[in-house]
There are 2 protein chains.
Amino acid sequence: MNLNPLNTETLQNDASQAINYLSHYYENVHKYPVRSEVEPVGFNWIASPAATELEAIVLDWMGKLLNLPQQFLFSSGGGGVMHGSTCEAVVCTLAAARDRALDTHGEEKITKLVVYASDQTHFTFQKSAKLVGISPRNFRVLPTYSSRDFGLSPTKLTETIEADISQGLVPLYVCASVGATGSGAVDPIDGLGRIAKEFGAWLHVDAAFAGSACICPEYRHYLNGVEFADSISMNPHKWLLTNMDCTCLWLRNPKLLVDSLSTNSEILRNKASDLNEVIDYKDWQIALSRRFRALKL
Amino acid sequence: MNLNPLNTETLQNDASQAINYLSHYYENVHKYPVRSEVEPVGFNWIASPAATELEAIVLDWMGKLLNLPQQFLFSSGGGGVMHGSTCEAVVCTLAAARDRALDTHGEEKITKLVVYASDQTHFTFQKSAKLVGISPRNFRVLPTYSSRDFGLSPTKLTETIEADISQGLVPLYVCASVGATGSGAVDPIDGLGRIAKEFGAWLHVDAAFAGSACICPEYRHYLNGVEFADSISMNPHKWLLTNMDCTCLWLRNPKLLVDSLSTNSEILRNKASDLNEVIDYKDWQIALSRRFRALKL
């Protein structure tokens, strides 16, 4: 790589032009229209404070519409983030659950971690578990029955977890669906949540499409037990007619997500982040760059 | 879950209205404008054949502009895909590399896999490696020097790999940057590629922003050695002024990616996919649903 030495005359000339342009722009900024094509790229808070704050507010609004427990709202130490798809949300929660488990049990236990779901659960959970390094052998697809409306039986879950533990395995993650894609099955969150808690497993509630219905008081009972969940996701880009892509993910303890996904890079360092007083959404998702989705929701 | 019994009179009435609406729409479809707001959701080929075929064609075009070796084009068994970000592309290639290595060495070796990069490499590689279950202890950040234009030294890489192997570790993945974010450093792909090949590691070329410049013959030499790569990515959403988000990822052997990311679900089964004669881009990325990005590129 051959870099030419700096020509200071050119630099001064160019810089002066740039500064004049910026000054002029700044002085006249009120005369410019706000163009809808301009999209902020809110890596972190400092890159777009308004986009970040708005996203946090909108997630709290949506959480309140769903009557989520306080623990999922920013005001109570929880909080939400917008992803492009449930798949991404699930990958992130699985990574957070995995890293919490490895912290407790040691890194070499990664081959012992087990994920539990029903035969109605969306296949993205199997894909996501494999992505974060969980062996497909350790993904339990538990049978459901029409006599139980295809809901995942807490008894079955307990039996399976106990059998796994007796084999030296570690229960990592339980998925409860509210509206499975194939059958619309609703898992009993309350029952599954108590078991997940007992065995120290992460409970994720996947309410991708049916979650929207739970905004209505007469359907809200399907989310009963969500207070046991570590995370819950739903897609406004389904029944809420928001355009693709828009998945809401709420965490009881966002720090676990951030611990798993944060990166320290000199190029992104800034005072606001260093003070830990702002949300850097880059640490709540897989990618660094991100779309601004709060307004459309 | 209490489902109300079906009222056949309502059903017949509603269905008849729906069919009338559809028939009318079909008969008059030529009178409707094609709205730019309508975006196909091309999970797989059958969901949107045109979107899929167009994406494949555009990726081959861009590959030819970069003068990539034939092996990365669909006509030669390779192929490309559009992702939202380099981060996602890297996660997918790391997962494919990991699963190939685990197939060879056994699943329990996941704690032994090592990723190599320079101190100029984008931090997304560390985040991505952690995401797919590679211990941060097994991520090697090799030092670079201004006297070598901050390029990763093949000698240093060889020494580090050999030291790791002597400790019972398995070299998994080497990242070569063409235009590192912090310094613009270009790694010697040719030299690094020969070593990666010798030790059976996956070579990824990250040409996120500088790759665009390699379209120009006078800069193309920075990609020399890309024929050793398993994958290469670049972002038209940087210097090519395509709007966010648009990352191109090419694979020498897309089957490895598909093996790692594919999912078999009854709800997505179709004849075209079963015949293995089409591209199902859902198996080339993290998420199931996807944006249509080919036209803007």
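Higher on the page you've got the structure.
Notes on the structure in this doc start here. (Residues numbered from 1 in each chain as written. Chains lettered and ligands numbered in written order. Predicted model: local features only at pLDDT ≥ 70, side-chain atom pairs only at ≥ 80, totals over all residues. Heavy atoms only, no water.)

Bringing helix α4 (residues 124-131) of chain B into the picture now. All names here are of chain B. With 6 of 8 residues buried, α4 is to be regarded as a mostly interior element. Within α4, burial applies to Thr124, Phe125, Lys127, Ser128, Ala129 and Leu131. Just downstream of α4 lies Gly133, where phi reads positive at about 95 degrees. (Buried < 20%, exposed > 50% of the residue type's maximum accessible area, 1.4 Å probe, protein only. Helix = DSSP H or I, 4+ residues; strand = E, 2+ residues; numbered from the N terminus.)

Let us now look at the sheet that holds strand β2 (residues 113-118) of chain A. Residues and elements named next belong to chain A. A sheet is described by the order of its strands in space; here 7 strands give the open sequence β1-β7-β6-β5-β4-β2-β3, paired in mixed fashion. This sheet does not close on itself; its edge strands, each paired only once, are β1 (79-83) and β3 (139-142). For this sheet, the mean inter-axis angle between neighbouring strands, taken without regard to orientation, is 20 degrees. Judged from the 5 bridges that link them, strand β4 (residues 170-177) and strand β5 (residues 202-206) form a sheet pairing that is parallel. Of the residues in β5, the one forming a bridge with Val174 is Leu203. (Pairing = 2+ DSSP bridges. Axes fitted to C-alpha atoms, helices over the stretch in contact; angles between N-to-C directions.)

We now examine the interface of chain A and chain B. Facing the 48 residues of chain A at the interface are 50 residues of chain B. Overall, the association of chain A and chain B removes approximately 4,000 Å² of surface from exposure, summing both partners, and the carbon and sulfur fraction of that is 62%. Taken together, the links from chain A to chain B amount to 4 salt bridges. Linking B:Arg137 and A:Glu107 is a salt bridge whose minimum nitrogen-to-oxygen distance equals 2.6 Å. Run the count over chain A and chain B and you get 16 residue pairs in polar contact (both at pLDDT 80 or more). (Contact = heavy atoms within 4.5 Å. Buried area = accessible area lost by both parts, 1.4 Å probe. Salt bridge = Lys/Arg side-chain N within 4 Å of Asp/Glu carboxyl O. Polar contact = N/O pair within 3.5 Å; in protein donor to acceptor, adjacent residues only side chain to side chain.)

Take the pairing of strand β2 (residues 113-118) of chain B next. All names here are of chain B. Across the 6 residues of β2, 6 count as buried, placing the element largely inside the fold. With burial as the criterion, each face of β2 is covered, one bearing Leu113, Val115 and Ala117 and the other bearing Val114, Tyr116 and Ser118. Where β2 and strand β4 (residues 170-177) come together, 4 bridges link them in parallel fashion. Counterpart to Val115 in the pairing with β4 is Tyr173. Of the strand pairs in this sheet, β2 and strand β3 (residues 139-142) are connected by 4 bridges, and their pairing is parallel. In the strand pairing of β3, Tyr116 is matched with Arg140. Note on the crossover from β2 through α4 to β3: the handedness is right-handed. (Right-handed = clockwise from strand over helix to strand, strands pointing away.)

Mapped onto the elements, B:Ser260 comes out in helix α7 (residues 254-261). The residues contacting B:Ser260, other than those within four sequence positions of it, are A:Lys130, B:Ala95, B:Ala96, B:Arg98 and B:Asp99.

Relative to chain B, chain A is turned by 179 degrees and slid 0.0 Å along the rotation axis, the superposed coordinates differing by an RMSD of 0.4 Å. Look at the turn and shift together and you get a two-fold axis relating the two. Scanning chain A for the C-alpha nearest the rotation axis identifies A:Val132, at a separation of 2.1 Å. Here 100% of the interface residues in chain A have copies in chain B that are interface residues too; the copies meet face to matching face. (Least-squares fit on C-alpha atoms with pLDDT ≥ 70 in both.)

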